[in-house]
Amino acid sequence: MKLIDSALKPEFTSMFDVEHIRADFPILKLQVEGKPLVYLDNAASSQMPQQVIDRLVRYQTSEHANINRGVHYLSETATAEYESARRRLQHFINAREDREVVFTSGTTDSINLVMHGYGRKYIRAGDEIILTTLEHHSNIVPWQMLAEEKGAKIRVVPISDAGELLVDEYEKLFNARTKFVGVLHVSNALGTINPVKEMIAFAHARGVPVLVDGAQAAPHMAVDVQDLDCDFYAFSGHKLCGPTGIGVLYGKAELLERMQPFKGGGDMILSVTFEKTTYNSIPHKFEAGTPPIAAAIGLGAAVDYLSAIGLDTISAYELKLLNYATEQISNLPGVRVIGTAARKTAVLSFVMEGVHPHDIGTLLNHEGVAVRTGHHCVQPVMLRLRVPATARASFAFYNTMAEVDTLISGIRTVQKVFT
Ligand code: 7TS
């Protein structure tokens, strides 16, 4: 039996047939500026396979009603499918219980929920919150708002020139006033994979809870919240081949239970009088009003789709794309890769001598190539690495080596235009 298993393994890996996978994504057949679309802006938002689109159509055509309020067939069906999506998400991140999965509108919303629900209740004047230089603005600004309101202080973990966190410096930031840590799992601008498991263990040894921003990790690697032992984990549906307007906040049940609700309204209560309101149990306490039911069900289908391919298979394939792209781009004179950490996901940020990143993006678009240019909502990273902006190609498992070649020849064309 064992022999057959191991004999099958390589075959399984080679079963990752990118052309077969691309056929699932209708949008990838588009032509842009008369050229086949080369979509390399996956860190901003990924594309949706037909399986997820079909699931949304099925929901809208035969399952839709409001949830948690009807005894009629459609309301019961929609409620059951919404809760089934929650369980799919639970398994996707290996949460212990489905009530630890709160549906939000996205990573930003999830982080704001923790700031309002946990931060405003437990952070006081003089307390310190540790963040890192790599954070997306969505894991900076809410904490600044809280610090301002409470008189708390934000301490920032520095990074190396390669874009790696200086873990020794992180450890030095801890003191008796440290009350919270926010760290992103993977950098959206540089692709750096942070050693979050070790950072969480260090914080926990000092009794400090940790929120991990997993927006750029969940689509690219297997995430196990129990193994990480994080207290909170936030991510977005639209970067995971799912719909916009949906995201997840994972929180340990005992923490979610101790938190204040963020938004008040229907569904999040047990009883309301003008004298006193009692709140619903978790996760419903945090899901006030009619949630994005269709989007949650679509996200459930999206994580099923990704899990069927396998997150390990996705990581391994995307690493091949990154290594090939990095090798090709380093042969181009005058082009510098920004973000050269030893452990990266498939994000390639770069600058070119004498060309503004915005012009790179515009000219690449003429070749059908979609990249993002700008500060990528990480202005502190740009400041630290002394670049005003970068051009960023961010890959997904449906990208191909041939698309990397198109990117590279597009960059050569940009160079020709500017020399
Ligand atoms: N955190 C990280 C690490 C992100 O990359 C992003 C979005 C967010 C939070 C916010 O996610 P949202 O779904 O709530 O908007 N990052 C990007 C990007 O890199 N390009 O466009 C959006």
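If you're wondering where the values come from, they're calculated on a predicted model, not measured in any experiment.

Peer 1: Can you help me understand the domain arrangement of the protein in this one?
Peer 2: The figure often quoted for interface size is the accessible area lost as the parts come together. Domain annotation for the protein reports domain 1 (6-48 + 310-417) and domain 2 (55-307). Taking only C-alpha atoms, the centre of domain 1 and the centre of domain 2 are 27 Å apart. Summed over both partners, the interface of domain 1 with domain 2 comes to about 3000 Å²; 55% of that surface belongs to carbon and sulfur atoms. Among the residues of domain 1 in contact with domain 2, Leu 311, Thr 345 and Arg 384 are the three that bury the most area, contributing 19% of the side total. Its salt-bridge partner being Arg 384, residue Asp 161 comes within 2.9 Å of it at the nearest N-O pair. At the junction of domain 1 with domain 2, the criterion picks out 27 residue pairs in polar contact (both at pLDDT 80 or more). Among the elements of the structure, α12 (311-330), β14 (347-352) and α14 (379-384) are those that each provide at least two residues to the side of domain 1 that touches domain 2.

Peer 1: Would you take a moment to explain empty space enclosed by the protein for this structure?
Peer 2: Unfilled space is identified by rolling a water-sized probe across the atoms. On inspection of all chains with the given rule, the structure shows two cavities of 30 Å³ or more. Size it by volume and the largest cavity reaches roughly 70 Å³. Lining the largest cavity we find 13 residues, and of these Ser 46, Pro 219, His 220, Lys 239 and Ala 396 sit closest to its centre. Of the residues that constitute the lining of the largest cavity, the class distribution is seven nonpolar, four polar and two charged.

Peer 1: Explain unusual backbone geometry here, please?
Peer 2: Across the chain, the bulk of peptide bonds are trans and the bulk of non-glycine residues have phi less than zero. Put simply, Ile 282 and Pro 283 share a cis peptide bond, and its omega is 0 degrees. On the secondary structure map, Pro 283 appears in the loop between β12 (277-279) and α11 (293-309). Although it is not a glycine, His 376 adopts a positive phi angle of roughly 60 degrees. When you line up the elements, His 376 lands in the loop between β16 (372-374) and α14. One non-glycine residue, Cys 377, adopts positive backbone phi at about 60 degrees. You can see Cys 377 is positioned in the loop between β16 and α14.

Peer 1: Help me out: how do you make sense of the pattern of salt bridges in this one?
Peer 2: Side-chain pairs of opposite charge can arise where the charged atoms are in close proximity. Summed over the entire model, instances satisfying the criterion amount to 22 salt bridges. Between Arg 69 and Asp 267 there is a salt bridge, with the nearest N and O atoms lying 3.1 Å from each other. A residue pair is termed long-range when its members are at least 10 positions apart, and Arg 69 in the loop between α3 (50-62) and α4 (73-93) and Asp 267 in the loop between α10 (253-258) and β11 (269-272) qualify at 198 residues. Look at Arg 69 and you get partly exposed, because its relative accessible area is 48%. In this structure, the salt-bridge partner of Asp 109 is Lys 263, at a minimum N-O distance of 3.3 Å. Of the two residues, Asp 109 sits in helix α5 (residues 107-122) while Lys 263 sits in the loop between α10 and β11, which places them 154 residues apart along the sequence. Accessibility expressed as a relative area gives 14% for Asp 109, which makes it buried. If you follow the salt bridges from partner to partner, you end up with Arg 55, Arg 58, Glu 63 and Glu 81 in one network.

Peer 1: What should I look at first to understand the side chain of Asn 188 in this one?
Peer 2: Mapped onto the elements, Asn 188 comes out in the loop between β7 (178-184) and α8 (196-204). Among the polar contacts made by the side chain of Asn 188, one reaches the main-chain carbonyl oxygen of His 376 at a distance of 2.9 Å.

Peer 1: Can you walk me through the nonpolar core in this structure?
Peer 2: Side chains of nonpolar character tend, in soluble globular proteins, to be buried together. Core analysis: the largest hydrophobic core is formed by 108 residues, its most contacted members being Tyr 233, Phe 395 and Phe 397. Here this core gathers at least three residues from each of two domains, domain 1 (6-48 + 310-417) and domain 2 (55-307). Every residue in contact with Phe 397, bar those within four places of it in the chain, is listed here: Phe 16, Val 18, Ile 21, Phe 25, Cys 241, Tyr 305, Leu 306, Ile 309, Ile 314, Tyr 317 and Glu 318. Met 115, Trp 143, Leu 211 and Ala 234 belong to the second-largest nonpolar core, a separate cluster that totals 24 residues.

Peer 1: In this structure, what is going on with the site of the ligand? I would like to understand it.
Peer 2: Around the ligand lies a shell of 16 residues, among which Thr 108, Asp 213, Ser 236, Arg 372 and Arg 392 are the nearest. The side chain of Asn 188 places a nitrogen or oxygen atom 2.9 Å from an oxygen atom of the ligand. The separation between an oxygen atom of the ligand and a polar side-chain atom of Arg 392 is 2.7 Å. Residues that form the shell around the ligand fall into these classes: four nonpolar, eight polar and four charged. Split by domain, the residues of the shell around the ligand number at least three in each of domain 1 (6-48 + 310-417) and domain 2 (55-307).

About the criteria used
- Residues numbered from 1 in each chain as written.
- Predicted model: local features only at pLDDT ≥ 70, side-chain atom pairs only at ≥ 80, totals over all residues.
- Heavy atoms only, no water.
- Domains from an automatic or database assignment.
- Buried area = accessible area lost by both parts, 1.4 Å probe.
- Salt bridge = Lys/Arg side-chain N within 4 Å of Asp/Glu carboxyl O.
- Polar contact = N/O pair within 3.5 Å; in protein donor to acceptor, adjacent residues only side chain to side chain.
- Helix = DSSP H or I, 4+ residues; strand = E, 2+ residues; numbered from the N terminus.
- 1 Å grid on protein atoms, 1.4 Å probe; cavity = no way out; pocket = protein on both sides within 12 Å on 5 of 7 lines; lining within 4 Å.
- Points joined across faces, edges and corners; volume = space filled by probe spheres on them.
- Nonpolar A, V, L, I, M, F, W, Y, C, P; charged D, E, K, R; others polar.
- Buried < 20%, exposed > 50% of the residue type's maximum accessible area, 1.4 Å probe, protein only.
- Core = buried A, V, L, I, M, F, W, Y, C linked by side-chain atoms within 4.5 Å.
- Contact = heavy atoms within 4.5 Å.
- Near = heavy atom within 4 Å.

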